[in-house]
Amino acid sequence: MRLKYAVELLNVKSKTMSEVAYEAGFSSPSYFTKCFKEFYKENPSDYIKRISEGFG
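Calculation criteria
Residues numbered from 1 in each chain as written. Predicted model: local features only at pLDDT ≥ 70, side-chain atom pairs only at ≥ 80, totals over all residues. Heavy atoms only, no water. Core = buried A, V, L, I, M, F, W, Y, C linked by side-chain atoms within 4.5 Å. Buried < 20%, exposed > 50% of the residue type's maximum accessible area, 1.4 Å probe, protein only. Helix = DSSP H or I, 4+ residues; strand = E, 2+ residues; numbered from the N terminus. Axes fitted to C-alpha atoms, helices over the stretch in contact; angles between N-to-C directions. Parallel < 35°, antiparallel > 145°, perpendicular 65-115°, else oblique. Contact = heavy atoms within 4.5 Å. Nonpolar A, V, L, I, M, F, W, Y, C, P; charged D, E, K, R; others polar. Polar contact = N/O pair within 3.5 Å; in protein donor to acceptor, adjacent residues only side chain to side chain. Phe/Tyr/Trp six-rings, centres within 6.5 Å; stacked < 30°, edge-to-face > 60°. Lys NZ or Arg CZ within 6 Å of the ring centre and 35° of its normal.

1. Describing the nonpolar core
(1) Moving on: Membership of the largest hydrophobic core comes to 14 residues, with the highest contact counts inside it found for Leu3, Val20, Phe26, Phe32, Phe36 and Tyr47.
(2) Moving on: Of all the secondary-structure elements, those providing two or more residues to this core are α1 (2-12), α2 (17-23), α3 (29-40) and α4 (44-55).
(3) Moving on: Residue contributions to this core peak at 5 residues, all from α1.

2. Regarding the packing of α1 against α3
(1) Moving on: Running from N to C, α1 and α3 cross one another at 100 degrees; their axes reach a closest spacing of 11 Å. When the interaxial angle is binned, α1 and α3 end up roughly perpendicular. Contacts between α1 and α3 pair Leu3, Lys4, Ala6, Val7 and Leu10 from the former with Phe32, Cys35, Phe36, Phe39 and Tyr40 from the latter.
(2) Moving on: Considering only residue class, the contact of α1 with α3 consists of 9 nonpolar, no polar and 1 charged.

3. Comments concerning unusual backbone geometry
(1) Moving on: For Lys41, which is not glycine, the phi dihedral falls at a positive 65 degrees.
(2) Moving on: Looking at Lys41, the relative accessible area reads 67%, which means it is exposed.

4. Topic: the side chain of Glu42
(1) Moving on: The topology assignment puts Glu42 in the loop between α3 and α4.
(2) Moving on: One polar contact links Glu42 to Arg50, side chain to side chain, over a distance of 2.7 Å.

5. Brief notes about the packing of aromatic side chains
For any pair of aromatic rings, the description rests on two quantities: the centre-to-centre distance and the angle between the ring planes.
(1) Moving on: A complete count under the given rule lists 6 aromatic pairs for this structure.
(2) Moving on: Seen from their ring centres, Phe36 and Tyr47 are 5.8 Å apart, and the 65 degrees between their planes marks the pair as edge-to-face. Taken as a pair, Phe36 in helix α3 and Tyr47 in helix α4 lie far apart in primary sequence, 11 residues in all. A single burial state applies to Phe36 and to Tyr47, both of which are buried.
(3) Moving on: Ring-pair connections join several aromatic residues into one group, and the members of that group are Phe26, Tyr31, Phe32, Phe36, Phe39, Tyr40 and Tyr47.
(4) Moving on: Across the ring face of Phe26, the terminal group of Arg2 is positioned such that the distance to the ring centre comes to 4.4 Å.

Right, dumping it as structure tokens:
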């Protein structure tokens, strides 16, 4: 559930990775990155790059 919310934040808002991690309820950006990668099979930064290329 927190990861889904984090994806919404990454899609809509121009926040840093740390801001997204803390706002989504993760204790640290590194733990957020670890969980994100395990669930979505890519790093959050790669996800941001991929979705931004789709809109540009």
